[in-house]
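Residues per chain are reported as follows:
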Amino acid sequence: MEFFSMLIMGYVLYTLSFLYCLIPMTIQIAVSYVIVHKQVWKVAIMVLLTQGIIVPIARMSSDILNSTAMNFSSNAIFSLIMFALLIIIGYFTYISIEHKMNLKKWMALIVGYLVNIAVMVVIMLKFGVIDFL
């Protein structure tokens, strides 16, 4: 049950702080474009739809780095589960659009999301954005 509440809260926070989320989303799209060199609009749509999953991952990661989390192992486990869900969604999105998945697309997917999460964590730690709830 906690997993679904994190997803719902992630999408609520994503809509409330959309302008702050545009920074890491733009960087993720640029990184994916540099790696794959084509079809930016497909990546952009996928990023717009999955950013609500990135927000709780980044919040739990910033809690872990801030050492304010009461349950370190719980945050780490939920972060890994959410990241796996994110990769699965990205995989099926690429497969449905491209009908194949190669190493370049895998790298663009994983590196793009890791960069997005890292930028979100930095924004949360430096500026305190999305920590208002």
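Note that this is a predicted model, so its numbers are computed, not measured.

1. Here's the deal with the confidence of the model for the protein
Caution is warranted with low-pLDDT regions, since their predicted coordinates should not be read in detail.
Consideration 1: Mean pLDDT for the protein: 81, with 90% of residues reaching 70 or above.
Consideration 2: Here helix H4 (residues 72-98) stands out as the element of the protein with the lowest mean pLDDT, 79, in contrast to helix H2 (residues 18-36), whose mean of 89 is the highest.

2. Side note on helix H3 (residues 40-66)
Consideration 1: With 27 residues, H3 should reach 39 Å at 1.5 Å per residue; the first-to-last C-alpha distance of 34 Å falls well below that figure.
Consideration 2: Its axis deflected by about 50 degrees at Thr50, H3 carries its strongest bend there.

3. Some details on the packing of aromatic side chains
Consideration 1: Scanning the entire structure with this criterion turns up two aromatic pairs.
Consideration 2: Aromatic side chains Tyr11 and Tyr14 sit 6.4 Å apart centroid to centroid with 70 degrees between the ring planes, which places their arrangement in the edge-to-face category. Here Tyr11 and its partner Tyr14 are both found in helix H1 (residues 2-16), three residues apart, which amounts to about one turn of the helix.
Consideration 3: Their ring planes at 55 degrees and their centres at 5.8 Å tell us that Tyr14 and Phe18 sit as a pair that is tilted.
Consideration 4: The structure contains a cluster of three or more aromatic residues connected by ring pairs, namely Tyr11, Tyr14 and Phe18.

4. Structural notes on the environment of Ile29
Consideration 1: Within the element layout of this structure, Ile29 appears in helix H2.
Consideration 2: Each residue touching Ile29, except ones within four places of it in the same chain, is listed here: Val40, Val43, Ala44 and Val47.

5. Here we look at the side chain of Gln51
Consideration 1: Along the chain, Gln51 falls in helix H3.
Consideration 2: Here Gln51 falls in the buried class, since its relative accessible area comes to 1%.
Consideration 3: When neighbours within four sequence positions are excluded, Gln51 is seen to be in contact with Tyr14, Cys21, Pro24, Met25, Asn116 and Met120.

6. Considerations on a nonpolar patch on the surface
Consideration 1: Residues Ile8, Met9, Val12 and Leu16 make up a contiguous nonpolar surface patch of about 370 Å² in total accessible area.
Consideration 2: With a relative accessible area of 58%, Ile8 lands in the exposed category.

Analysis parameters
Residues numbered from 1 in each chain as written. Predicted model: local features only at pLDDT ≥ 70, side-chain atom pairs only at ≥ 80, totals over all residues. Heavy atoms only, no water. pLDDT = per-residue confidence, 0-100. Helix = DSSP H or I, 4+ residues; strand = E, 2+ residues; numbered from the N terminus. Expected span 1.5 Å × (residues − 1). Bend = angle between axes of the 7 residues up to and from the residue. Phe/Tyr/Trp six-rings, centres within 6.5 Å; stacked < 30°, edge-to-face > 60°. Contact = heavy atoms within 4.5 Å. Buried < 20%, exposed > 50% of the residue type's maximum accessible area, 1.4 Å probe, protein only. Patch = residues over 30% accessible without salt bridge, like charges linked within 9 Å, V, L, I, M, F, W, Y side chains within 5 Å. Areas by Shrake-Rupley, 256 points an atom, 1.4 Å probe, with all protein chains shown as cover. Salt bridge = Lys/Arg side-chain N within 4 Å of Asp/Glu carboxyl O.

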